[in-house]
Amino acid sequence: MEKISVIIDGKVFEAEKDTCVLEVARRNGIYIPSLCYHGEVPSSGGSCRVCLVEAHQGGRMRLVTACNYPVRQGLEVKTDTPLVQRIRRGILELLLARVPNSEVIREMAAKEGVTEARFRKDEGESERYKCIACGLCTHVCAEVVGVHAIAMVGRGADKKPATPYDKPSDVCIGCGACAYACPTGAIQLKEKDGIRRIWHKDFEMVRCSVCGVPYIPKAQVDWIVKRTGKDRSFFDRCPDHR
Amino acid sequence: MGTINSIEELDRYRQKLAAAVKPNLPTVLVCFGTGCQANGSRLVAEAFTEVIKEQGLQVNVNLGIKTTGCHGFCENGPLVVLRPQDILYLKVKPEDVPEIVEESVKGGRIVQRLVYQDKVTGEQVAHYNEIPFYKHQLRIALRHIGTIDPTSIDDYILAGGYAGLAKALTMRPEDIITEVERSGLRGRGGAGFPTGTKWRSCAAVQSDVRYVMCNGDEGDPGAFMDRSIMEGDPHAVIEGMIIGAYAVGSHQGYIYVRDEYPLAVRNLSIAIEAAREKGLLGKNILGSGFSFDIKIIRGGGAFVCGESSALMRSVEGNVGEPRAKYIRSVERGLYNKPTVLNNVETWANVPEIILKGADWYASMGTEGSKGTKVFSLVGKVNNTGLVEVPMGISIRELVENIGGGIQGGKKFKAVQTGGPSGGCIPERLADLPIDFDSLTKAGSMMGSGGIIVMDEDTCMVDVAKYFTGFLVEESCGKCTPCRDGLPRMLDLLTDITEGRGTEEHLAMLEELCDLLTWGALCGLGTSAANPVLSTIRYFRDEYEAHIKDKKCPAGVCKALITYSIDPEACTGCRLCAKNCPQTCITGERKKPHVIDVSRCIRCGVCKDVCPYDAVRVS
């Protein structure tokens, strides 16, 4: 890969061409807030807008999302200018008004000096009220797990991740990758008596033959066996006892 | 005749069509645009056929009947044009047809009651090109519309169609691009990106496959430029696309049409099929060795799908959501291949530019915006409809000369241009020449060409609220500023129009506008603040009247107005009392009536029905 040099906050860094600004910044210890992006999920990013930074290139400045803006030779990035701070605070205030119950958003907003949203708040106790509709869960499901059990449905303020018609999905394997990846912990995954419940569906868990702890949904084992040809007996034990 | 195999054959075919035309045959053109069809033009055409069938045998009247695309003067439809005299009849009903045949076709006289009458001067004008609505127009993109039958490829070829393509096929692709660059043509879809530059960038990218696309997802309220072209002259779009495809090296094209345009889909489908039969689409076009075909994709009705990246996702079968365009569509567009996407009107201009040359096209318009632009002129003007004028015409000329001034002699207040995310320009700036750059500078935009004229009875805060409400409904919900910012803006605007506004509201509105403009993902979001920004910029006093004085100066915002009856003007006719849905108007016959303000819902019925103009709004 072609190496280029990029300036971030006045310092010069070497990076592979077309790496995103956020990755280059992270590797070099520069903080840029981020919610909807995950390095292992190809089409994630670009929707929450908290990682907006100034990109100066070719005599032109614009705000770009660090999580998907490709670095090229001659790019200069500024992550902490008054403009960036102003827009970042505005976005966090909107998110805070949307999900006042989310600790993650509260903390991130407080870090930028936003403690209270002046707008009408969406009040509610359900998990919906932690969801920032960033879509990362749906990208993980489609691109990492490969099952397409959930998608973003509706539009505008009502947009949300959901299974088709909000009914239990035929293809969901209960793996919970969506819940682990969710930046605000908005997806509920509950386990009780060897049964996992996620997206309106119950999954029977396989117990570890050594410790007896239910640790993986049977449907997920079926999926992995089908996809990889791995021997089923591999899953008799949990990762701690293999 | 089947396939046309060479440019020479196309010329011969056109000559053959011309030879078959009876030069002195009187012809009636019946408009079959969506507006006129809705007003019953189909029945009018049938009536003509009937009358000719009956009378033709007896008196040997020979009359051609042709159904055409939209003439643009839709509010006066069904429209009928009589050729060769070029007489335009308005609001023609089937029962008028025998009289038209008798008087005009046979007798050569004009049926006065059916001709245009100027609403201000009362003057009657019978000839098409002398009617003010048409007199000031210059039609390039709309060149054939209203004169040819859009379902007949022969009609198009006879009118000179596909001559631009024939010429293009003799040119080198890079010379075509240079010609389009030199013409100064800029994208008619809204952003005004130079078309030739876009083509050159696409052609420069190394790739085995390239696509050309046509954006026919016109969704601005009140705008119907593209619909009219797709319905009325589909071959112009197809011809433009073939030329573009040849220039950039593409073999597959897509036309994305919203499904709410059934007639456009139908006429385009007929045109594509006919072009294939003639060998103008498909393999080895006109024997040039160049192959290209077009597929129609019907959109599902989301406004955001008019945004280029969302449109491409939609064609691919994904949810129509925009993506970051840090890598442009000309590099990675549809199916990640280099793609040229142009708007319907842009494509329709291309054949004429190639045929007549860049210099001809660049001789019209302004420094930065060449050629003509089609506008849909709607709102409080006397003549509403579709017009094509040279770039650089002033707003005032458009409103007063073509639009015939404001309805009912009211005062001209503002125009809203550029669709829902355009802005409002006040009357005092009405001498501004209309082009891409001047409108943007004034805080609005060209957009796809919607012009909504507003009079003194329009409340600008209410206008901002209306457009913001539209955008709230149409936001795709992908990015935070647009999804969550627009509803908050609507909250603030609602508060202001309902008398709960404070200075803080105005400040927060401006903050949200700033956030959207800088922070949103796509063009819909970054321009969504324009309605609010431009109305605050030019009509701040109106916002302040709502906030400080709790008054709506235009008398529109219901929470801030009261209705009363002027006892001097009221005759006690009881009409208002009879019509009031709240039955809160009382009074004895022939004595002044009174409105019980506590129960009044400010619906305005009393004002509408009062024959003495005695109902006051304050």
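If you're wondering where the values come from, they're calculated on a predicted model, not measured in any experiment.

Focus on the overall build of chain A
1) Next: Summing up its helical and strand segments, chain A has 6 helices and 11 strands in all.
2) Next: Taking the principal axes of its C-alpha atoms as reference, chain A extends roughly 60 × 50 × 30 Å.
3) Next: Within chain A, the proportion of its 242 residues that are buried is 50%.
4) Next: In chain A, the share of contacts with a sequence separation of at least 24, taken over all contacts with a separation of at least 6, comes to 46%.
5) Next: Summed over its atoms, the accessible surface of chain A is roughly 12100 Å², and 49% of this surface lies on carbon and sulfur atoms.
6) Next: Here chain A holds 38 positive side-chain charges and 31 negative ones, and the gap between their average locations is 3 Å.

Re the layout of surface pockets
1) Next: Approximately 1400 Å³ is the volume found for the second largest pocket.
2) Next: Taken together, 45 residues form the lining of the second largest pocket, with Ser43, Ser44, His139 and Glu143 of chain A together with Lys478 of chain B sitting closest to its centre.
3) Next: Secondary-structure elements contributing two or more residues to the lining of the second largest pocket are helix H4 (136-145) and strand S6 (151-153) of chain A.
4) Next: When residues of the lining of the second largest pocket are assigned to their parent elements, the largest contribution, 4 residues, is made by H4 of chain A.
5) Next: Its residues assigned to classes, the lining of the second largest pocket comprises 20 nonpolar, 15 polar and 10 charged.

Quick notes on the side chain of Thr372 of chain B
All names here are of chain B.
1) Next: Inspection of the secondary structure assignment puts Thr372 in strand S11 (residues 372-379).
2) Next: Since its relative accessible area comes to 0%, Thr372 is described here as buried.
3) Next: In terms of polar contacts, Thr372 uses its side chain to reach the side chain of Glu388, at 2.5 Å.
4) Next: Look past the residues within four positions of Thr372 in its chain and what remains in contact with it is Leu138, Ile140, Arg188, Glu345, Tyr361, Glu388, Val389, Pro390 and Met391.

Observations regarding the domain arrangement of chain A
Residue and element names in this part refer to chain A.
1) Next: Partitioning chain A into structural domains gives domain 1 (3-80), domain 2 (84-123) and domain 3 (128-241).
2) Next: Centre-to-centre separation of domain 2 and domain 3, based on C-alpha positions: 29 Å.
3) Next: With 10 residues of domain 2 at the interface, the matching set in domain 3 holds 10 residues.
4) Next: Across the interface of domain 2 and domain 3, roughly 810 Å² is buried in total on both sides, 55% from carbon and sulfur atoms.
5) Next: Notably, a salt bridge pairs Glu103 with Lys130, separated by 3.8 Å at the nearest N-O pair.
6) Next: Across the domain 2-domain 3 interface, the total number found is 1 residue pair in polar contact (both at pLDDT 80 or more).
7) Next: Secondary structure elements with two or more residues in the side of domain 2 that touches domain 3: helix H2 (82-98) and helix H3 (103-111).

Focus on the interface of chain A and chain B
1) Next: Contact with chain A, which involves 34 residues of that partner, is made by 30 residues of chain B.
2) Next: Of the roughly 2700 Å² buried at the junction of chain A and chain B (both faces included), carbon and sulfur atoms supply 53%.
3) Next: At the boundary of chain A with chain B, the tally comes to 6 salt bridges.
4) Next: Ionic pairing is found between Glu321 of chain B and Lys159 of chain A, a salt bridge with its closest N-O pair at 2.3 Å.
5) Next: Taken together, chain A and chain B are joined by 16 residue pairs in polar contact (both at pLDDT 80 or more).

Things to note about the packing of H2 of chain A against H3 of chain A
Geometry of a packed helix pair, given as the angle between the helix axes and the separation of the axes.
All names here are of chain A.
1) Next: Two elements in contact, H2 and H3, have axes whose closest approach is 9 Å; the angle formed by their N-to-C orientations is 150°. One element, H2, and the other, H3, form an angle in the roughly antiparallel class. Every pair of crossing elements has a handedness; the one defined by H2 and H3 is left-handed. Along its contact with H2, which presents Leu92, Leu95 and Leu96, the element H3 presents Ile105, Arg106, Met108 and Ala109.
2) Next: Split into classes, the residues belonging to the contact of H2 with H3 amount to 6 nonpolar, no polar and 1 charged.

Considerations on the sheet that holds strand S8 (residues 190-192) of chain A
Residues and elements named next belong to chain A.
1) Next: Taken together, the 4 strands give an open sheet; going across it, the order is S8-S9-S10-S11, and neighbouring strands pair in antiparallel fashion. What marks the edges here is a single partner per strand, and that holds for S8 and strand S11 (214-217). Along the sheet, successive strands turn relative to each other by an average axial angle of 35°, direction set aside.
2) Next: The strands touched by helix H6 (residues 218-228) within the sheet are strand S10 (201-207) and S11, with S11 carrying the most contacts at an inclination of about 55°.

Focus on the environment of Gly282 of chain B
Residue and element names in this part refer to chain B.
1) Next: By the secondary structure assignment, Gly282 is in the loop between helix H12 (262-277) and strand S9 (293-299).
2) Next: Sequence spacing of Gly282 and Arg14 is 268 residues, and the spatial spacing of their C-alpha atoms is 20 Å.
3) Next: Those residues within four positions of Gly282 in sequence are excluded, and the remaining contacts are Phe290, Ser291, Phe292 and Asp293.

Structural notes on the sheet that holds strand S1 (residues 27-31) of chain B
Residues and elements named next belong to chain B.
1) Next: Spatially, 4 strands are ordered S2-S1-S3-S4 in an open sheet, and the strand pairing comes out mixed. Sheet topology places strand S2 (64-68) and strand S4 (87-89) at the edges, where each strand pairs with a single neighbour. The sheet shows a mean angle of 20° between the axes of neighbouring strands, direction not considered.
2) Next: Relative to strand S3 (residues 80-83), S1 runs antiparallel, the two being bridged by 4 bridges.

Some thoughts on the pattern of salt bridges
1) Next: Summed over the entire model, instances satisfying the criterion amount to 54 salt bridges over all chains.
2) Next: Measuring nitrogen to oxygen at the nearest pair gives 3.7 Å for the salt bridge that ties Arg88 of chain A to Glu112 of chain A. Of this pair, Arg88 of chain A sits in helix H2 while Glu112 of chain A sits in the loop between H3 and H4; the two residues are 24 residues apart in sequence, bridging distant segments of the chain. Here the two residues Arg88 of chain A and Glu112 of chain A agree in accessibility, since each one is buried.
3) Next: As a salt-bridge pair, Glu345 of chain B and Arg188 of chain B come within 4.0 Å of each other at their nearest N and O atoms.

Quick look at the packing of aromatic side chains
1) Next: Under the defined criterion, the tally for this structure stands at 16 aromatic pairs over all chains.
2) Next: Pairing Phe234 of chain A with Phe235 of chain A gives two aromatic rings, centres 5.2 Å apart and planes at 90°, and the pair type is edge-to-face.
3) Next: One aromatic cluster is present, built from ring pairs that chain together Phe73, Tyr116, Tyr128, Phe133 and Tyr134 of chain B.
4) Next: Over the ring of Tyr31 of chain A we find Lys111 of chain A; its NZ or CZ atom is 4.0 Å from the centre of that ring.
5) Next: Positioned above the aromatic ring of Tyr261 of chain B is the side chain of Arg227 of chain B, whose terminal nitrogen or guanidinium carbon lies 5.9 Å from the ring centre.

A short note on the domain arrangement of chain B
All names here are of chain B.
1) Next: Its domain assignment divides chain B into domain 1 (20-135), domain 2 (153-362), domain 3 (372-458), domain 4 (461-547) and domain 5 (562-617).
2) Next: A straight line from the C-alpha centre of domain 2 to that of domain 4 covers 34 Å.
3) Next: Summing the contributions of domain 2 and of domain 4, the shared interface buries around 830 Å²; its carbon and sulfur component is 75%.
4) Next: On the domain 2 side of the interface with domain 4, the three residues burying the most area are Pro221, Phe303 and Pro322, jointly 54% of the side's total.
5) Next: Taken together, the links from domain 2 to domain 4 amount to 0 salt bridges.
6) Next: Applying the counting rule to domain 2 against domain 4 returns 2 residue pairs in polar contact (both at pLDDT 80 or more).

Cut-offs applied
Residues numbered from 1 in each chain as written. Chains lettered and ligands numbered in written order. Predicted model: local features only at pLDDT ≥ 70, side-chain atom pairs only at ≥ 80, totals over all residues. Heavy atoms only, no water. Helix = DSSP H or I, 4+ residues; strand = E, 2+ residues; numbered from the N terminus. Buried < 20%, exposed > 50% of the residue type's maximum accessible area, 1.4 Å probe, protein only. Contact = heavy atoms within 4.5 Å. Areas by Shrake-Rupley, 256 points an atom, 1.4 Å probe, with all protein chains shown as cover. Lys, Arg positive; Asp, Glu negative; His and termini not counted. Charge placed at Lys NZ, Arg CZ, Asp CG, Glu CD. 1 Å grid on protein atoms, 1.4 Å probe; cavity = no way out; pocket = protein on both sides within 12 Å on 5 of 7 lines; lining within 4 Å. Points joined across faces, edges and corners; volume = space filled by probe spheres on them. Nonpolar A, V, L, I, M, F, W, Y, C, P; charged D, E, K, R; others polar. Polar contact = N/O pair within 3.5 Å; in protein donor to acceptor, adjacent residues only side chain to side chain. Domains from an automatic or database assignment. Buried area = accessible area lost by both parts, 1.4 Å probe. Salt bridge = Lys/Arg side-chain N within 4 Å of Asp/Glu carboxyl O. Axes fitted to C-alpha atoms, helices over the stretch in contact; angles between N-to-C directions. Parallel < 35°, antiparallel > 145°, perpendicular 65-115°, else oblique. Left-handed = near helix turned anticlockwise from the far one by under 90°. Pairing = 2+ DSSP bridges. Phe/Tyr/Trp six-rings, centres within 6.5 Å; stacked < 30°, edge-to-face > 60°. Lys NZ or Arg CZ within 6 Å of the ring centre and 35° of its normal.

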